[in-house]
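Spelled out from the first residue to the last, the chains are:
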Amino acid sequence: MAAPTALRAGIPSPNSAADKDGIVFTGKRKGAKDSKNAPARRGIFDRGGSGHGDVKKTVRRAENSVIKNPMLVERSNLVNVAKLCIKNLIESALAESRTLDDEHVPLQQLFVVMEHIFSHGLKSKKTFLEKKKSFWGALESLEKTTPDAEDITDSVRNLPGIKTSLGRGRAWLRLALMQKNLADYFKALLERKDILSEWYDQNALLLEEEAAVIAGLLVGLNVIDCNLCLKGDDLDSAPSVIDFSLYLKDGNYLDKPQASSETCDVNLTAVLDQKNYLEEHNRHLTSQVTVLQNKIKNLEQSSNQAKEELAVANNNILSIQAENDRLRVENDSMKKEVNRKLQSVRADMDIERETYNTSRIGLNELYGDAKDKLLHESQMRTDAEQELKLQVSLKEEMEMAMRLLEKDIHEKQDTVISLRKQLEDIKTINIDLYNRLQSSNSSLQYKSELVGKLEEKNEQMTAAMVQMEERLKKAEKDKQAAEETSRKLGQQIAERDAKRAAIETDLKIEREWRSSLQKDLAKETELINQLKAEMLDAKKLQGELTALTDKHERLRDECVGQEQALSEMGDKLSESRLKMDNMQEVVQSLDKRVWADDKEITHCMQCEKVFSVARRKHHCRNCGGIFCNACSESVMPLPAFAKPVRCCDRCHTQLLQRYSVS
């Protein structure tokens, strides 16, 4: 803020009153000094008759218009300061005659002035937190119209350490000056008024004619060589205040000494104006210091509050950690309990799985027995054997049922009932057998022996039934002892009933599957018959194939012999032809080849490039022409030479085609 207020307050022009583009002074002067010097200032325009009076009126009008609009004051002052700064920089650079660096004070002032020029009349862009003014957006839009500016904007974006848009704009100015393209980029930006109107107000310096003057002055900076270090911290936080102490001396802005009284008065007024500006500048700096001190106090208060909040947060963290430890202990105990419960549940599941497997085995045996029944029913001859096997299987089932009765009393009762039913079924089956034996009188002679055996086995089964009855009596005694345990197993019985229902459904599914298998068996038997017929046909075809293969082998042997004879004849013919071609090539090459003279040929006969010290001449051993190394890199064997020799690309392709054909 110091530099804009200073520019509005006014500074001396390079040639004081003699300069037509002088800076307008609007600062107020105090005390007796103002009263003493007022006549001297008025005398400048009072002398010289009517012409001086007209000048006086026009100047006063200009001063009044400028005072009303402070942007015009700042604009005119920026133009004059730019003139002074560029002039001083060029003179110092020529005097020192070296590459300028960051420590060069006039160069630093140039960047500050350019920053103020680009910031003059800049529109503020609203953000989420505050309004920001930055000329980086205008410089960044330059790459849309000027392709040469893309490299510099990309390099500025990729610079490490630069965080603000103001720092990027400052880095852009320094890179453009080092590339000596600052004047060109400035002119290109001035030509696009549509882009500038988006970023600047109507009375901005870049939208007026004075900007063309600055562009012309920047062309003179192309004679300066500078090497600058772009540090992000320096560019983001560097102050942007114009130091006018460089231009307060007479030698910096006076071209010639003037001894007249008028010039002395003008110089005196200029010095007074400078004094007033410096006082105003000091007041502004003191106000800034007070503002900064208030900010420091506020920051200290906020830091103390933050420390208190940090202590509270630390206490909360400690309490949370203690609670976390307690929760971890509870979590560990809960995990142990859950694991213990899981182990018990897994043990119960294993037991249930074992019982299911045992019941599944029994069901599988039942299924096998049922399947055996179906097979034996289909064969009337082995009915007696099927019945015996069925009785044996029933005996085994009863033994399995007894084992299950020892484990589960309730199941034993159900199995006893089922066994009794099965016994009744056996009796009915025996009655049916006797009826069948009576009905089959024609087959009694063949089955008399079998009937005797069946009677013996029936006696054995009756003895086994007596033993089973005795075991049932023992089971009834065990039942009275196991009634107490049956109460505890009530829940398990309900679950096993559900499993039994599921097993019955599985049995139904397996019976359906068995019927489908029987159908598939019938289809497969038909397929087997078809395959047998096809096998007979295949055997006949195989006999015919063996005869044909014998004929084929005889014919193949004859063909192989004939091909060997033809290949031998072809090899002899190719060798003789190659010899003839080589002889013809030798004769033709000797007739056609003309060894070109080095002095006559100055260009390559293929690419027509001029020979020089770097590009040497090479002869092709086939055609005799002169070529460069790139056009004669290939090497090929020729009949006239013992080893492969250099040849041009044309001869190389021709020789390759000839050899491939041969």
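For every chain, the first residue of the written sequence is number 1, and numbering continues from 1 along that sequence. Local features in this predicted model are restricted to residues of pLDDT 70 or higher, and side-chain atom pairs are both shown and tallied only at a pLDDT of 80 or more, whereas totals for entire chains, interfaces and linings draw on every residue. Side-chain numbers here rest on the full set of heavy atoms in the structure, without hydrogens or water.

Here we look at the overall build of the chain
- A run of H or I in DSSP becomes a helix once it reaches four residues, and a run of E becomes a strand once it reaches two; helices and strands are each numbered from the N terminus. The number of helices and strands found in the chain is 20 helices and 6 strands.
- The buried label applies to any residue whose accessible area, calculated with a 1.4 Å probe on protein chains only, is under 20% of its type's maximum; exposed applies above 50%, and partly exposed to all values in between. In the chain, which comprises 662 residues, the proportion classed as buried is 28%.
- In this description, contact between two residues means that some pair of their heavy atoms is separated by no more than 4.5 Å. Long-range pairs, those at least 24 residues apart, make up 63% of the contacts in the chain between residues at least 6 apart in sequence.
- Carbon and sulfur atoms make up 54% of the accessible area of the chain, which totals about 45,000 Å². Using a 1.4 Å probe, the Shrake-Rupley method yields the accessible areas, and only the shown protein chains count as cover for residues.

Here we look at the packing of helix H10 (residues 182–191) against helix H12 (residues 210–219)
- Interaxial distance between H10 and H12 falls to 8 Å at its minimum, and their mutual angle equals 160 degrees. Viewed along their axes, H10 and H12 adopt a mutual orientation that is roughly antiparallel. For H10 against H12, the interelement crossing comes out left-handed. Touching Leu182, Ala183, Phe186, Lys187 and Leu190 of H10 are Ala211, Ala212, Ile214, Ala215, Leu218 and Val219, all from H12.
- Gly is placed with the polar residues, together with every amino acid not listed as nonpolar (Ala, Val, Leu, Ile, Met, Phe, Trp, Tyr, Cys and Pro) or charged (Asp, Glu, Lys and Arg). For the contact of H10 with H12, a count of residues per class yields 10 nonpolar, no polar and 1 charged. What counts as an axis is a line fitted to C-alpha atoms, over the stretch in contact for a helix, and the angles between N-to-C directions run from 0 to 180 degrees. Any angle from 65 to 115 degrees is called roughly perpendicular, while one under 35 is roughly parallel, one over 145 is roughly antiparallel, and all others are oblique. Take the far helix as your reference; a near helix turned counterclockwise from it by less than a right angle gives a left-handed crossing, and one turned clockwise gives a right-handed crossing.

A few points about the pattern of salt bridges
- Throughout this description, the term salt bridge denotes a Lys or Arg side-chain nitrogen within 4 Å of a carboxyl oxygen of Asp or Glu. Here the structure, examined in full by the defined rule, presents 11 salt bridges.
- With its nearest N and O atoms 2.8 Å apart, the salt bridge here joins Arg353 to Asp350. In this pair, Arg353 and Asp350 are both assigned in helix H15 (residues 261–378), 3 residues apart and thus about one turn of the helix distant.
- The exposure class of Asp350 is partly exposed, given its relative accessible area of 37%.
- Ionic pairing is found between Glu504 and Arg500, a salt bridge with its closest N-O pair at 2.9 Å. One end of the pair is Glu504 and the other is Arg500, both in helix H19 (residues 490–592) and 4 residues apart, which spans about a single turn.
- Since its relative accessible area comes to 45%, Arg500 is described here as partly exposed.
- A cluster of three or more residues bridged by salt bridges with shared partners is formed by Glu140, Glu143, Asp154 and Arg157.

Some points on the confidence of the model for the chain
- For the chain, the mean per-residue pLDDT works out to 76, and 79% of the residues sit at or above 70.
- Below a pLDDT of 50 lies the segment residues 1–6, which in the model reaches 15 contacts outside its immediate sequence neighbourhood of four places, other chains included. For every residue, the pLDDT score states the predictor's confidence, bounded by 0 at the bottom and 100 at the top.

Digging into the nonpolar core
- If you look at the biggest cluster of nonpolar residues, it comprises 57 residues, and the most contacted ones within it are Phe118, Trp172 and Tyr200.
- Mapped by element, the contributors of at least two residues to this core are helix H4 (70–96), helix H5 (105–119), helix H6 (136–140), helix H8 (149–157), helix H9 (165–178), H10, helix H11 (193–199) and H12.
- Sequence-distant contacts of Phe118, defined by excluding residues within four places in its chain, comprise Phe135, Leu139, Leu173, Phe186, Leu189, Tyr200 and Leu206.
- Buried Ala, Val, Leu, Ile, Met, Phe, Trp, Tyr and Cys residues form a nonpolar core when they are joined through side-chain atoms within 4.5 Å. With 16 residues, the next largest nonpolar core counts Cys620, Cys631, Met636 and Leu655 among its residues.

Focus: H9
- Under the convention used throughout, the expected extent of a helix is 1.5 Å for every residue step, that is, one less than its residue count. Along its 14 residues, H9 runs 20 Å from first to last C-alpha, staying within 8% of the 20 Å computed at 1.5 Å per residue.
- Within H9, 10 of the 14 residues are buried, leaving the element largely enclosed by the surrounding structure.
- Where H9 terminates, the next one or two residues include Lys180, which has phi positive at roughly 60 degrees.

Re unusual backbone geometry
- We note that Lys180 has phi near 60 degrees; this positive angle belongs to a residue other than glycine.
- Summarising the element assignment, Lys180 is placed in the loop between H9 and H10.
- Judged by relative accessible area, Lys180 falls into the partly exposed class, the value being 32%.
- Its identity as a non-glycine residue notwithstanding, Glu608 has a phi of 60 degrees, on the positive side.
- Within the secondary structure, Glu608 is located in the loop between H19 and strand S3 (618–619).
- By relative accessible area, which is 61% here, Glu608 ends up exposed.

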